[in-house]
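A closer look at the structure
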Amino acid sequence: MTALSSRAGRWFAALLPLLMLAGVAALELSNREWTVLELAVLSPMLAATFGGPRLTALYGVLAIGVGVMLGIYDHLFGQNDGGPTAQMVRLGGVAVGGVLAVLVSRYNTRRETKLQNVTRVAEVAQQSILAAVPRSSGDLRFAVRYESAAAEARIGGDLYEVVDTAWGTRLLVGDVRGKGLDAVRIASRVLGCFRIVSRSADDLPAVLAGLNDEVAEVCGLDDFVTAVVGQIDGQRLWLANAGHPDPVLVRAGRASLLCVPIRLPPLGLLSGPTGADGGGGGIAENTIEVMLLPGDRLLLYTDGVTEARDPTTGRFFPLLPAVQAALSRGTLEESVADLVDHVRAWTRSTLNDDVALLAAELPRPAGRLRRGPPGG
């Protein structure tokens, strides 16, 4: 259906200038008081807004041809209406307008081609830095999803990563302020730093401090990165939050937020080189520990979810009810896909920001099936 709708839209766009030309001809033939054939120039101008140079030139020729035929039919080449000179001025105006429309169309086509090339390069760069997350690590299971916003805003700074270390499996979900190639560049530096620091730092405060130093080095005065860093060792989960939306824990079919005592400022804005007290202590005081149970599911996400709105009512996306419904049944991959579909449906596919999701699960022991909530 999407391909058919797109094809029908292209055909309608290609025929719209012809309808415009037919309307001008009908208006010229329906009255004897005014000469409006000069409006035929609107046809190539309309074609230039969405068509290529060839289509625009075609409609330019058709506009001149229609002007000549209307002039003959209405006897505009006679002396009573200014004679051949007046008619040639009219047709000359249409011709000049057609040439300008072709030039505009060529400029638009070249600009769109250059923009597509730059966007394609940026998308490849973004995909290359967002390495594939393992589907499992020890007893843990993972699923990720990156959902782009509108086509003109595809390139963003949302990021995620999973790294196995000697201290457990460490998770990262973050969001760079802004969009474009600068956001992709900063995201790549943050991910690279996380992969290195996670394997050398012995606790989350040290990891977060290292990320803060990296962001402070690569970002400008107005740039920052919000992030949640987690560590799972067996059934123990530690979380540190730097200005990011709180993760969601789904346990026994119920969703709840995992909130730190005091949310730290975003990365790049933490005071001192490594934390509130210069040694990471301020970060350590805002790290929480949670005991996971078999069957628990953890969701880390970016604010593209929390800031998603219904375009009709302006209501924000109901995060907890939606996460509870989606992550309480099905496989982890299916649950994440269902949640993204719910966000798309809520916004009528008009996301204003990218959405990055990282879900982790501590499976139940073999032989015990997951049950959804009553009525699910």
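In this report, we go over the structure that sits alongside the text. These figures come from a predicted structure and were not determined experimentally. (Residues numbered from 1 in each chain as written. Predicted model: local features only at pLDDT ≥ 70, side-chain atom pairs only at ≥ 80, totals over all residues. Heavy atoms only, no water.)

1. Considerations on helix H10 (residues 332-346)
When the terminal C-alpha atoms of H10 are compared, their 21 Å separation across 15 residues agrees well with the 21 Å that a helix rising 1.5 Å per residue should span. Against the buried residues of H10 lie strand E2 (140-147), strand E10 (297-301), helix H8 (303-306), helix H9 (319-327) and strand E11 (355-361). At the exit of H10 stands Arg348, carrying a positive phi of roughly 55°. (Helix = DSSP H or I, 4+ residues; strand = E, 2+ residues; numbered from the N terminus. Expected span 1.5 Å × (residues − 1). Contact = heavy atoms within 4.5 Å.)

2. Comments concerning the sheet that holds E10
Reading across the sheet, the six strands line up as E1-E2-E11-E10-E7-E8 and stay open at both edges, with antiparallel pairing between neighbours. Strands at the two margins of the open sheet, each flanked by one partner only, are strand E1 (136-137) and strand E8 (254-257). Bridging between E10 and E11 involves five bridges; their strand directions are antiparallel. The residue bridging Arg297 from the neighbouring strand is Glu361, located in E11. Lying over the sheet, H9 contacts strand E7 (248-251), E8 and E10, oriented at roughly 135° with respect to E8. Across the sheet, H10 is in contact with E2, E10 and E11; its angle to E2 comes to roughly 25°. (Pairing = 2+ DSSP bridges. Axes fitted to C-alpha atoms, helices over the stretch in contact; angles between N-to-C directions.)

3. Quick word on the packing of aromatic side chains
Note on aromatic pairs: each is described by the distance of the centres and the angle between the planes. Enumeration according to the criterion identifies one aromatic pair in this entry. Aromatic side chains Phe317 and Trp346 sit 6.2 Å apart centroid to centroid with 85° between the ring planes, which places their arrangement in the edge-to-face category. Residue Phe317 is located in the loop between H8 and H9, and its partner Trp346 is located in helix H10; the two are separated by 29 residues in the primary sequence. Note on accessibility: Phe317 and Trp346 belong to one class, buried. (Phe/Tyr/Trp six-rings, centres within 6.5 Å; stacked < 30°, edge-to-face > 60°. Buried < 20%, exposed > 50% of the residue type's maximum accessible area, 1.4 Å probe, protein only.)

4. What to know about unusual backbone geometry
Most of the time, phi is negative for any residue but glycine, and the peptide bond is trans. A positive phi angle is found at Ala252, which is not glycine, with a value near 55°. Position of Ala252 relative to the elements: it lies in the loop between E7 and E8. Even without being a glycine, Arg348 presents a positive backbone phi close to 55°. Its place among the elements puts Arg348 in the loop between H10 and E11.

5. Examining the pattern of salt bridges
Scanning all chains against the criterion turns up twelve salt bridges. Note that Glu361 and Arg297 form a salt bridge whose closest N and O atoms lie 3.2 Å from each other. You can see Glu361 sitting in strand E11 and its partner Arg297 sitting in strand E10, a full 64 residues away along the chain. Given a relative accessible area of 10%, Glu361 falls into the buried group. (Salt bridge = Lys/Arg side-chain N within 4 Å of Asp/Glu carboxyl O.)

6. Remarks on the packing of H9 against H10
Relative orientation of the contacting elements H9 and H10 amounts to 145°, with a least axis distance of 8 Å. Between H9 and H10 the crossing geometry is right-handed. Contacts from Ala322, Val323, Ala326 and Leu327 of H9 reach H10 at Ser335, Asp338, Leu339 and His342. Of the residues assigned to the contact of H9 with H10, the class counts are five nonpolar, two polar and one charged. (Left-handed = near helix turned anticlockwise from the far one by under 90°. Nonpolar A, V, L, I, M, F, W, Y, C, P; charged D, E, K, R; others polar.)

7. Brief notes about the environment of Thr56
When you line up the elements, Thr56 lands in helix H3 (residues 53-73). Residue Thr56 is classed as buried on the basis of its relative accessible area of 0%. Excluding residues within four positions of it along the chain, Thr56 makes contact with Pro44, Ala47, Ala48, Gly51, Ala101, Val102 and Ser105. At 2.9 Å, the side chain of Thr56 and the backbone oxygen of Gly52 are in polar contact. (Polar contact = N/O pair within 3.5 Å; in protein donor to acceptor, adjacent residues only side chain to side chain.)

8. With respect to the environment of Ala308
Mapped onto the secondary structure, Ala308 falls in the loop between H8 and H9. When sequence neighbours within four positions are dropped, the list of residues in contact with Ala308 reads Arg315, Phe316, Phe317, Val343, Trp346, Thr347 and Leu351.

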